[in-house]
Amino acid sequence: MHRIAIVAALVLLAACEPVPPDPVRVRALVLSSNGSYVTQEVTLTTVTDPFRMEGSVANLLGGARIISDSQDPEIQAAQTEEQLANALIKSKGRPVSPNFIEQEGVLWPADFHTWNIVTAYYNFERANAYFNTVGNIPQADFGGPATVYYFPEFVLRDSSPEALKDNALFFAPTQSFMVVPFDELQRAPLAINSGIMAHEYSHLVFNRKVYGGARLPAPIVLWGSAGASPGANLVKSLDEGFADYHGFGVTCESTTGCDKIFLSTSFDERVTADRDLSKNDRCMDIFLRDQLNNATLSAFSGQGLEYKVGSILASALYQAGESTGQRKVLQRAIISAYSDQSGTNPGLQQLITLSLNDQLKFNLVSVTAVLVNHITDVPLKTAVCNELIDHLQIPAAELVGPGKPCPSAAQGGNTCPRLP
Ligand SMILES: [Zn+2]
């Protein structure tokens, strides 16, 4: 064999080794301590090809078309979840092609979309790192690189003929993220807002752990098609509440520190205040409790009530984590409660399975028990019990006492007036 051929063969062999990619030094848009986004050098540690923005955490695809339409014959004909995904994705697009100017080993984005794309990848990487390190989720459990449709044409035809604008979301039926074009959003694009992208990444983790990666999660489909759907309303609320709490958790890992109002750079004051984690006076009220228990999933979600219940939950968890100084311990415990196959201590996925034929079994008491049973530290357990009993208006007698999950020291709180 010719010497060059031997060398080439050796190089090829070496390339088969699962070596981590070289870190890529790029400039991205990062929130500074004065509340504005500035260009900053960051290191991407999971990118294998920066010129396609591909890596082990995400693959970004441009030019995709995803159309959800209940009248679509292809969608109606779908027999499996895979077929449904294929029917929804009219065009899967192609790898994005960012433009860089290299300066002393650092890649500088050369146009706006490249800034947006690089920053989006960076934000996914940070969210993944949080769930891996703080959340203790092995990389293998994320299911490979997430597909991110960048500026797709995404139409939810049953609600609107127009393509979605000004949004970023995780779409379970295609198991992918959408970063849709902006139109009216005057503030920071969602892709550069680390907390928001982490909120969306939390939905992927929730889907994988609580719903077992289902494109059409059974509790949503089964429970949500009943008249009143308390279980479906609650599981949606948990998904949103945990996403806000983990979104906040990811900001705590940044150099500028925890941002309890991470929506503020992208949304107006009202939305920001509604979801401010540090507001400690959020309470379940009679209307919300009635809707949670008696509304259909479409009526509940149609009013955005999963965000209302979710933010009560998120701020209650925030208070418990901060007051005990055990934020990360709590965040890890919550994630460990998503699915628990020990057989002795069910997680949320297991509670759903046990409740599939009777969604009334999936309620604030049983869900709180699952969470609390995954916290070992007694003061933290007590704080979580107190905050959830208080803010979510759970009868203390259901959770505290012999054989119950909450320590006897837990009494609930008195921030919220008890509902009749
Ligand atoms: Zn969400």
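For the structure, check the block above.
Quick summary incoming for the structure in this document. (Residues numbered from 1 in each chain as written. Predicted model: local features only at pLDDT ≥ 70, side-chain atom pairs only at ≥ 80, totals over all residues. Heavy atoms only, no water.)

1. Re the overall build of the chain
Our working rule: Helix and strand labels come from DSSP, where a helix needs a run of H or I of at least four residues and a strand needs a run of E of at least two; each type is numbered from the N terminus. Each radius of gyration reported is based on C-alpha atoms, and the globular scaling rule is 2.2 Å times the count of residues to the power 0.38. Exposure classes here rest on a 1.4 Å probe applied to the protein chains alone. A residue is buried below 20% of its type maximum, exposed above 50%, and partly exposed in between.
The helix and strand tally for the chain stands at 15 helices and 14 strands. Since a compact globule built from 420 residues should have a radius of gyration of about 22 Å, the 23 Å found for the chain is in line with a globular shape. Projecting the C-alpha coordinates of the chain onto the three principal axes gives extents of approximately 80 × 50 × 50 Å. Per-residue burial for the chain yields a buried fraction of 52% across its 420 residues.

2. Considerations on the environment of Ser159
Along the chain, the position of Ser159 falls in the loop between strand S12 (153–156) and strand S13 (168–171). A sequence separation of 80 residues divides Ser159 from Gln79, and the C-alpha atoms of the two residues are 23 Å apart.

3. Observations regarding the coordination of the zinc ion
In ideal tetrahedral geometry, four donors around a metal make angles of 109.5 degrees, whereas ideal octahedral geometry with six donors gives angles of 90 or 180 degrees. The following threshold applies: Only nitrogen, oxygen and sulfur atoms qualify as donors, provided they sit within 2.8 Å of the metal or within 3.2 Å for Na, K and Ca; with water excluded from the atoms, sites may seem incomplete.
The zinc ion binds to the protein through His199 (NE2), His203 (NE2) and Glu240 (OE), with metal-donor distances spanning 2.0 to 2.2 Å. Each donor residue of the zinc ion belongs to the same chain, with the gaps between them written as H-x3-H-x36-E. Residue His199 and its partner His203 are located together in helix H5 (residues 194–210), separated by 4 residues, close to a single helical turn. For His199, a relative accessible area of 5% corresponds to the buried category. Taking the relative accessible area as the measure of exposure, His203 reaches 8% and is therefore buried.

4. With respect to the pairing of strand S2 (residues 37–44)
For clarity, the cut-off: Two strands form a pair only when DSSP identifies at least two bridges running between them.
With 8 bridges connecting them, strand S1 (residues 24–31) and S2 associate as antiparallel partners. In the sheet register, Arg25 faces S2, and the bridge partner there is Thr43.

5. A look at unusual backbone geometry
One non-glycine residue, Glu104, lies in positive phi territory at about 50°. Along the polypeptide, Glu104 turns up in the loop between strand S9 (100–103) and strand S10 (106–109). Positive phi, normally seen in glycine, also occurs at Phe151, with a value near 50°. Within the secondary structure, Phe151 is located in the loop between strand S11 (146–150) and S12.

6. Quick word on the side chain of Ser194
For clarity, the threshold we go by: Note on definitions: a residue-residue contact is assigned when non-hydrogen atoms from the two residues lie within 4.5 Å.
Turning to its location among the elements, Ser194 is positioned in helix H5. Looking at Ser194, the relative accessible area reads 10%, which means it is buried. If we ignore the near neighbours within four places in the chain, the residues touching Ser194 are Asn123, Arg126 and Val250.

7. A short note on the state of the cysteines
Put simply, the test is: Here, a disulfide means two cysteine sulfur atoms that sit within 2.5 Å of each other.
The tally for this structure, following the rule as stated, stands at 3 disulfides. In this model, Cys252 is linked to Cys258 through a disulfide, with the two sulfur atoms separated by 2.0 Å. Across the S-S bond of Cys252 and Cys258 the torsion is about 120°, and the bridge reads as right-handed. Residue Cys258 is classed as partly exposed on the basis of its relative accessible area, which comes to 37%. Here Cys385 connects covalently by a disulfide to Cys406, the sulfurs 2.0 Å from one another. Looking along the S-S bond of the Cys385-Cys406 disulfide, the torsion reads about -90°, which is the left-handed sense. Of this pair, Cys385 sits in helix H15 (residues 378–391) while Cys406 sits in the segment after H15; the two residues are 21 residues apart in sequence, bridging distant segments of the chain. For Cys385, a relative accessible area of 0% translates into the label buried. What connects to what in the chain, once the bonded cysteines are numbered by sequence position, is 1-2, 3-6, 4-5.

8. Looking at the sheet that holds S12
Quick note on the threshold: Angles run from 0 to 180 degrees between N-to-C directions of axes, and those axes are lines fitted to C-alpha atoms, restricted for helices to the stretch in contact.
Taken in spatial order, the 3 strands line up as S7-S6-S12 in an open sheet, and their pairing is mixed. The open sheet has two free edges, formed respectively by strand S7 (89–91) and S12, since each of these has just one partner strand. Taking the axes of each pair of neighbouring strands and ignoring which way they run, one obtains an average angle of 15° across the sheet. Judged from the 2 bridges that link them, strand S6 (residues 65–68) and S7 form a sheet pairing that is antiparallel.

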